[in-house]
4 protein chains.
Amino acid sequence: MSYFDCDKIQYEGPTSKNPLAFKHYNPEELVDGKSMKEHLRFAAPYWHVMRNELGDPFGGGTAVMPWDDGSNSTENAVKRVDVFFEFLEKIGIDYYCWHDRDIAPELGDLAASNKALDTVVAKLKEKQAETGVKLLWGTACLFSHPRYAQGAATSPDASVYAYAAAQVKKALECTKELDGLGYTFWGGREGYATLLNTDMKRELDHLGAFLHMAVDHAKKIGFDGPFYIEPKPREPSTHQYDSDAAACLNFLREYGLMDHFKLNIETNHATLAGHTMEHELTVSANAGMLGSIDANRGDTLIGWDTDQFPTDIYGTTQVMLVVLGMGGFTTGGLNFDAKRRRESHDPIDLMHAHVGGMDTFARGLKIASAIRADGRLAEFVKERYSSFDSELGKKVEAGQCSFEDLEKIALANGEPTLASGRQEMLENLINEFI
Amino acid sequence: MSYFDCDKIQYEGPTSKNPLAFKHYNPEELVDGKSMKEHLRFAAPYWHVMRNELGDPFGGGTAVMPWDDGSNSTENAVKRVDVFFEFLEKIGIDYYCWHDRDIAPELGDLAASNKALDTVVAKLKEKQAETGVKLLWGTACLFSHPRYAQGAATSPDASVYAYAAAQVKKALECTKELDGLGYTFWGGREGYATLLNTDMKRELDHLGAFLHMAVDHAKKIGFDGPFYIEPKPREPSTHQYDSDAAACLNFLREYGLMDHFKLNIETNHATLAGHTMEHELTVSANAGMLGSIDANRGDTLIGWDTDQFPTDIYGTTQVMLVVLGMGGFTTGGLNFDAKRRRESHDPIDLMHAHVGGMDTFARGLKIASAIRADGRLAEFVKERYSSFDSELGKKVEAGQCSFEDLEKIALANGEPTLASGRQEMLENLINEFI
Amino acid sequence: MSYFDCDKIQYEGPTSKNPLAFKHYNPEELVDGKSMKEHLRFAAPYWHVMRNELGDPFGGGTAVMPWDDGSNSTENAVKRVDVFFEFLEKIGIDYYCWHDRDIAPELGDLAASNKALDTVVAKLKEKQAETGVKLLWGTACLFSHPRYAQGAATSPDASVYAYAAAQVKKALECTKELDGLGYTFWGGREGYATLLNTDMKRELDHLGAFLHMAVDHAKKIGFDGPFYIEPKPREPSTHQYDSDAAACLNFLREYGLMDHFKLNIETNHATLAGHTMEHELTVSANAGMLGSIDANRGDTLIGWDTDQFPTDIYGTTQVMLVVLGMGGFTTGGLNFDAKRRRESHDPIDLMHAHVGGMDTFARGLKIASAIRADGRLAEFVKERYSSFDSELGKKVEAGQCSFEDLEKIALANGEPTLASGRQEMLENLINEFI
Amino acid sequence: MSYFDCDKIQYEGPTSKNPLAFKHYNPEELVDGKSMKEHLRFAAPYWHVMRNELGDPFGGGTAVMPWDDGSNSTENAVKRVDVFFEFLEKIGIDYYCWHDRDIAPELGDLAASNKALDTVVAKLKEKQAETGVKLLWGTACLFSHPRYAQGAATSPDASVYAYAAAQVKKALECTKELDGLGYTFWGGREGYATLLNTDMKRELDHLGAFLHMAVDHAKKIGFDGPFYIEPKPREPSTHQYDSDAAACLNFLREYGLMDHFKLNIETNHATLAGHTMEHELTVSANAGMLGSIDANRGDTLIGWDTDQFPTDIYGTTQVMLVVLGMGGFTTGGLNFDAKRRRESHDPIDLMHAHVGGMDTFARGLKIASAIRADGRLAEFVKERYSSFDSELGKKVEAGQCSFEDLEKIALANGEPTLASGRQEMLENLINEFI
Ligand SMILES: [Co+2]
Ligand SMILES: [Co+2]
Ligand SMILES: [Co+2]
Ligand SMILES: [Co+2]
Ligand SMILES: [Co+2]
Ligand SMILES: [Co+2]
Ligand SMILES: [Co+2]
Ligand SMILES: [Co+2]
């Protein structure tokens, strides 16, 4: 039975007026000698595709889900797997991601929830084998249940901390069972509502210990994919500890975790933190820590995570410039952590939304590749710093220079003359490729 | 001759209606066995008091400065010193801060500028000796001159880099000459206008090298006060590398500079970064890195640095809770990095402004002390984490626990029951003291 | 049976350390010859007190509600009324507000929902009579149900429009039945998600027609209390038509509705719109359109409506300065449109929260009254504009002046000399009273 | 003599790699039967092109201006006119805008300033005649001089008010002398720094009177172009009265000025007000009040007016959809109220910047035209509201419907069923044309 009222989405090229066709994403087409599909490594998030009812703080869900019986049963959960794989097949996406609690129900106690999870994981394993779809990463939902209202790994309550540990242990094992390529932490409740009742130092120490236990357990069970941390500055908490890439890197350095973690950068979280997406990607990539991407888009006039589908070609171009610049993804990919608007309630809207996101990234890839092939942008940047390619520059970069050396030069030189930064010219250059 | 139309500001107590009297700041009054003056260590910034003409991007200066002949001469600069010390004496502030270029003029070449600086520093030294006033910190202005338009220690141009180094070298030497207690870096142009023309990695490597040279030079000349970095997220640049406390700490850790630096946290910069002041202070203090404070206040509905005087008692209470909590300042203090509104153009407005700021901090100090003496707030927090004072908690905190240990507990326990976070009750508790 | 584990909250004065006592709100105490209770006219919102489960977009409800059987039944709804009145009695609040759908369940069809509403309204009427509590205003919930996902009075679908009209008709009749003093419109879904699919002009025309029908129906049924519009800039919609006071006034002027409406101004909505609360209040009061207040507080570093309890004394002082300045409320009051934090899940937290809000407003009232009695603030403002009390000023204000008249004066005068705006002195003055 | 190191910019088509050629703007090319030039009506602002030294609050000007002798003389001002017209000629822009004080110096007294203005206006008139260039609008600078620090038409000081009136009178007469098509008010200082010292009502009454005098004077001198108000929410003031389109419309309606004014909408001011540009344009156009456009772009992560050049094709497409939708400009046009970044200090950067802005608008025009020709977008919107094309809808829209009529329908109908809003599909549709 089919729940998505369309055939498998096909590439029809830029002149097609079929809204349910790709106009740019042609999976096997080569860009720089690698297929678009391998470059982009699209993933679909189980939560938004299957479980998001499209409610908001002011109103209930609108999503039409004819496949869902509305129950919290394991049977219903297993049934959803088939629908999800129908979706993946029709849209042509090869990777996916999940939280434990969106694939399987939370039941009366932990043992029962674990059992339900095993059942669904078995079904997922079967479908993976059948289709070749892969798990990009798994994660545990440590933010929805009221027990986590005051934190999970940073809860003031040791029982909650233990519960969270047990949940991550299981989610990690399921990720391993499904040959997941990575495992993600998004600390939805790891932060505070008010500093008045919070011992930040103690909470972060607990979080550090928690992540070390995750590293140890991964080793024990033979999971060797990377861990990812996904930064986000606020929401749901007033402040979340993993507020941006720099805050995460600072934490990982302080707690000795740099070797085991990478970052999973989300566009909307970047802008909520007051940064551009390309900033957060560059900070991560410079530290050798860019692991994966939650590909969506925010509305910078809105103060919460709207998780809209990426439809801005400028944005996807910037993302792909960084990704190509670091040599492409290894374990990571482009996970559409995006949801339809509450008004887009039909199953077919899922198709429209993903077609748009995939096409927009395909264009970003092709444009970024063209900009790199053209070479003018990179050349401008190289030239701009060329005074540091001198002897003096080398000495500075080798840490062998002193203020006295430099003062001598400054006193001898006249006033430095700057070259224009040419921002407007470079912005025009980008538009040549859009 | 007097330029401030008032006598020395006196403490007259809370019932005074004299706008030019302290109602709360009583310098020698003891709070927790230490005088208010020693607790607060107020400093005045030379730039705002003496040099701020109160212009803005849409209009010229309004400040009435009858002592200033408007020239860029060294004589004029020396004359200003007397006025500044009259100000300090009348307001009763014992510390001050400067940038090289606000105490002395930038002249035709570096050698001439250095010479002018020496002349003014000699005058300052004389006034310090005469009055007992101390230099809290010095700094070099690496952001106003057009040569720094594209950065100083992160300039793409090696000549600019050398110039900046020479300027910091000299400013450091002047700070040493004046027995300055610290030296501050605020990276006004260390950032970027657009990533399109920027090699962020290379710029940060240059900055790391630069700061190491500063550390080396300090050792060479026997300056042993700490260096401070002052975070700010944007303005004037689109992005500034030292965007918040976490970004600075991450940088200092990456480049091996943690032992030589502390942070100078400014209220308005905290809020521009999307954080509360108490957040930034707590992050810094937890890392043992809270050095000094730029005491002002922003307008969170406005997107730039308004640097208003601190007049919010809640804000100063939060600051003093952190300061008392870490045992008080050592080398640092409360520098009023604040300016009058453009409409407050009279010299006497400088008095109104500082009286208000000092009184507001005096209240913050007394309230914070009373909250600590009362003990209910601290007790609530301690109690909230008490489940980690158990054997299990200790094991976790010692890094000796595993996910398997915790899973056993979680499976054995029933559902955790959380205690209320009581945010509203705690907010009411604070109001008991306001 | 008692659900709130405390006695009736008593006034114990400022030295009390009892968290569940008023330290400032003394209902019968006279301020400027009127009791605090009459000045403040506190109201409790049925939705936050009785129905808010304290969920958020990332997690389910945490609120402990032992009185609620969790069903959508009319019986459960009737039972809640008793609990609500216990709450009102213990906290000492005399007014309340409701949406139709938080007092009574939405059932299978409109007729059934209307019937349920009648049952609950009968119960409320009985309790009002028994206790003397009054309905400050009623309103219809036109935002939660999926049918309103694309608007109610601005829905693109005429059936939805009709449904909304029927719902408002009934809510208005129930308000009348309960002798409600006013009726409020908050246009939660009156706006758009994207302009791409929106005919803004047509939607606003429909809204204008809708409000005229409400005015007509009020007349028909003899409801003579004012209608209120409550501005809010965004959330849940991307843009909401009633974005701030000025947008509402512009709309009311355009559609000829100024005589029938006033504004209900909420603090958190003001700041989300980028305005201070005192700005929105002043704009409304100047137009003779300040009707009522939703008394809460936002977090200006957070981009959504946190609806926190008012605990900032500066804020309540500013509100009460405007309220006293316009001669007090007539039909309106201070409705605590505020919710506890998600972590404050106990029923007793409702008590802490309201005690804090009421005490903070009591202080605001007393401080505002003292500032007015002192007179220095008002005198400063009067003096500041005194040059317009001249003949020329009168001519200008009477609309009898021309550019030619003024040019003659400007050419004759020398350069105008401004008096300082003295912002810092005035901020200090306020602090004398805090 | 030539100051811009390039020939007249030519159209070379989309494949050109010449950064100083138009790739899309082909002035005489017809779009929908009208030349691109007539559609777009580009204007250059005298202030940014000729007078912007590219300083910012943290540093001095960087702009290289070899034509300027740095003096405040009338001779220098007259010399600049030739340079400006060289610029216009080379870039191919036919309209311009000015403030009185950027074309001519402010001298020792008003009479002298007026005389200088007459001299420059005579020169401008000559150049206009010579080249065919037209004045899109003139305006008086009522914000830079310290006399306006507390407002111009809303100053608390009647002498300042008179001075402002005299200045507007003269600027209006100069606009008339140059056959200006319109006259603009941007109320840079019409607002407040703090409400504590402000009588908002009195200030707005004065502003209303002032604008009526402008209308009267225009009539007297035979100036029949429209007046424009340019909204902006804050900066330089804490709050500016003309904060957004709705606030301006509300003011104009209240003071009876709707017939004489239109709005001049600026992109960066729209986003600073928390609105999209297309929102502000639509609000204005719906009221029949969209007069002209300040074509620039902001950075929504930055809290001040960056006035960047428009280089985002999505943005210009949205603008041109509204402009084409209202039938094109009448008296207004696209004024590039945009400045180069401070790092782009060369005169040639002015060329790069304008080439980019003009090309981006040319693409926006062609794309908007294509979207309109395609028809699918408009058709979707029309269809979405089609239930109001019914008898019932007509009755509602005619104001002939009552709540009783609608309730009958709602009770008779079942639950309304909504059609999806299809936001994602429509966003994809736009991308088909980008
Ligand atoms: Co994500
Ligand atoms: Co997100
Ligand atoms: Co500072
Ligand atoms: Co600052
Ligand atoms: Co409200
Ligand atoms: Co609200
Ligand atoms: Co403009
Ligand atoms: Co602007």
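Since we're looking at a predicted model, the values are computed, not measured.

Undergrad: Could you give an account of the overall build of chain A, naming the residues involved and the relevant values?
TA: Across its full length, chain A carries 16 helices and twelve strands. Since a compact globule built from 434 residues should have a radius of gyration of about 22 Å, the 23 Å found for chain A is in line with a globular shape. Across the 434 residues that make up chain A, the buried fraction comes to 67%. Contacts spanning at least 24 positions in sequence make up 76% of the contacts within chain A whose residues lie at least 6 apart.

Undergrad: Can you lay out helix α7 (residues 200–221) of chain B for me, pointing to particular residues and giving the numbers?
TA: Helix length check: α7 of chain B, at 22 residues, gives a terminal C-alpha distance of 32 Å against a target of 32 Å (1.5 Å per residue), a fit within 8%. A positive backbone phi angle near 80 degrees is found at G222 of chain B, which sits one or two residues after α7 of chain B.

Undergrad: Before we move on, could you go through the interface of chain B and chain C and cite the residues and values that matter?
TA: The partner chain C presents 46 residues to the 46 residues of chain B that form the contact. Around 3,500 Å² of area is buried between chain B and chain C when both sides are counted, 45% of it from carbon and sulfur atoms. When the shortest N-O distance is used, the salt bridge between R422 of chain C and D346 of chain B registers 3.2 Å. Put simply, chain B and chain C have 31 residue pairs in polar contact (both at pLDDT 80 or more) between them. Listed by contribution, the elements that provide at least two residues to the side of chain B that touches chain C are α11 (313–325), α12 (347–374) and α16 (423–433) of chain B. Looking at the side of chain B that touches chain C element by element, the count peaks at eight residues for α12 of chain B. When grouped by side-chain class, the residues that make up the side of chain B that touches chain C number eleven nonpolar, 18 polar and 17 charged.

Undergrad: So what's going on with the coordination of the cobalt ion (ligand 1)? Which residues, and what values?
TA: Residues and elements named next belong to chain A. On the protein side, the cobalt ion (ligand 1) has E230 (OE), E266 (OE), D294 (OD) and D337 (OD) as donor atoms, found 1.9 to 2.1 Å from it. Taken together, the four donor atoms coordinating the cobalt ion (ligand 1) span angles of 85 to 160 degrees at the metal, a pattern that classifies the geometry as irregular. Read in sequence order, the donor residues for the cobalt ion (ligand 1) give the motif E-x35-E-x27-D-x42-D. Here the cobalt ion (ligand 1) and the cobalt ion (ligand 2) are spaced 4.3 Å apart, with E266 acting as a shared donor. With E266 in strand β10 (residues 261–266) and D294 in strand β11 (residues 290–294), this pair connects stretches of sequence that are 28 residues apart. We classify E266 as buried; its relative accessible area is 1%. Look at D294 and you get buried, because its relative accessible area is 0%.

Undergrad: Describe the relation of the copies chain B and chain C, listing the residues and the values that go with them.
TA: You can overlay chain B on chain C at an RMSD of 0.0 Å; the transform is a turn of 180 degrees with a shift of 0.0 Å along its axis. Overall, the copies show the geometry of a two-fold rotation axis. Minimal C-alpha separation from the rotation axis in chain B is found for T300 of chain B, amounting to 3.1 Å. Here 100% of the contact residues of chain B are again contact residues in chain C; the copies associate through an equivalent surface.

Undergrad: Tell me about the UniProt feature "domain: Xylose isomerase-like TIM barrel" (unreviewed entry) in chain A, and please be specific about residues and values.
TA: Mapped onto this numbering, the UniProt entry annotates "domain: Xylose isomerase-like TIM barrel" (unreviewed entry) at residues 89–282 of chain A. Helix makes up 48% of residues 89–282 of chain A and strand 14%, and the two end C-alpha atoms of the span are 33 Å apart.

Undergrad: So, the coordination of the cobalt ion (ligand 6): which residues are in play, and what are the values?
TA: Reference geometry at the metal: tetrahedral coordination by four donors gives ideal angles of 109.5 degrees; octahedral coordination by six donors gives 90 or 180 degrees. Residues and elements named next belong to chain C. Distances from the cobalt ion (ligand 6) to its protein donors, E266 (OE), H269 (NE2), D305 (OD), D305 (OD) and D307 (OD), fall at 1.9 to 2.7 Å. Mapping the donors of the cobalt ion (ligand 6) onto the primary sequence gives the spacing E-x2-H-x35-D-x1-D. If you look at the cobalt ion (ligand 6) and the cobalt ion (ligand 5), they sit 4.3 Å from each other and are both ligated by E266. With a relative accessible area of 7%, D307 lands in the buried category.

Undergrad: Could you give me a rundown of the layout of surface pockets, with the residues and numbers involved?
TA: Estimates place the volume of the second largest pocket at around 770 Å³. The wall of the second largest pocket is formed by 23 residues, among which L321, V322 and G325 of chain C together with L195 and T198 of chain D lie closest to the centre. Its residues assigned to classes, the lining of the second largest pocket shows twelve nonpolar, five polar and six charged.

Undergrad: Which residues make up the side chain of R147 of chain B, and what are the values?
TA: Looking at the element boundaries, R147 of chain B is found in the loop between β7 (134–139) and α6 (158–177). A residue is classified by how much of its surface remains accessible, and R147 of chain B, at 3% relative accessible area, is buried. A polar contact is formed between the side chain of R147 of chain B and the side chain of E415 of chain A, at a distance of 2.6 Å. Contact partners of R147 of chain B, with chain neighbours within four places excluded, come to E415, P416 and L418 of chain A together with E106, V160, Y163 and Q167 of chain B.

Undergrad: How would you sum up the relation of the copies chain B and chain A? Please name residues and give values.
TA: The two chain copies are connected by a rotation around an axis plus a translation along it. Of the transformation placing chain B onto chain A, the axial shift is 0.0 Å and the rotation is 180 degrees, giving an RMSD of 0.0 Å. Mapped onto chain A, 100% of the interface residues of chain B again fall at the interface, so both copies present the same surface.

Undergrad: How would you sum up the pattern of salt bridges? Please name residues and give values.
TA: Counting across every chain of the model gives 124 salt bridges over all chains. Among the ionic pairs, R101 of chain C bridges to E106 of chain C, the shortest N-O distance being 3.1 Å. A residue is classified by how much of its surface remains accessible, and R101 of chain C, at 12% relative accessible area, is buried. With relative accessibility at 22%, the residue E106 of chain C sits in the partly exposed group. A salt bridge links K201 of chain D to D205 of chain D, with the shortest nitrogen-to-oxygen separation between them at 3.1 Å. Here D205 of chain D and K201 of chain D lie together in helix α7 (residues 200–221), a separation of four residues that amounts to about one turn. Each of D100, R101, E106 and R147 of chain A together with E415 of chain B takes part in salt bridges that share partners, so that together they form one network.

Undergrad: Run through the interface of chain B and chain A, naming residues and quoting values.
TA: Facing 90 residues of chain B, the contacting portion of chain A comprises 90 residues. Between chain B and chain A, roughly 8,100 Å² of surface is buried when both sides are summed, and carbon and sulfur atoms account for 62% of that area. A per-residue breakdown of the area chain B buries against chain A is headed by L196, Y385 and F403 of chain B, which together make up 11% of the total. Summed over the shared surface of chain B and chain A, the number is twelve salt bridges. Across the pair E254 of chain B and R253 of chain A runs a salt bridge, and its minimum N-O distance is 3.3 Å.

Conventions we followed
Residues numbered from 1 in each chain as written. Chains lettered and ligands numbered in written order. Predicted model: local features only at pLDDT ≥ 70, side-chain atom pairs only at ≥ 80, totals over all residues. Heavy atoms only, no water. Helix = DSSP H or I, 4+ residues; strand = E, 2+ residues; numbered from the N terminus. Rg over C-alpha atoms; globule rule 2.2 N^0.38 Å. Buried < 20%, exposed > 50% of the residue type's maximum accessible area, 1.4 Å probe, protein only. Contact = heavy atoms within 4.5 Å. Expected span 1.5 Å × (residues − 1). Buried area = accessible area lost by both parts, 1.4 Å probe. Salt bridge = Lys/Arg side-chain N within 4 Å of Asp/Glu carboxyl O. Polar contact = N/O pair within 3.5 Å; in protein donor to acceptor, adjacent residues only side chain to side chain. Nonpolar A, V, L, I, M, F, W, Y, C, P; charged D, E, K, R; others polar. Donors = N, O, S within 2.8 Å, 3.2 Å for Na, K, Ca; no water. Tetrahedral: all angles 85-135°; square planar, octahedral: opposite > 155°, others 65-115°. Least-squares fit on C-alpha atoms with pLDDT ≥ 70 in both. UniProt positions renumbered as here; feature names shortened; annotations may be inferred. 1 Å grid on protein atoms, 1.4 Å probe; cavity = no way out; pocket = protein on both sides within 12 Å on 5 of 7 lines; lining within 4 Å. Points joined across faces, edges and corners; volume = space filled by probe spheres on them.

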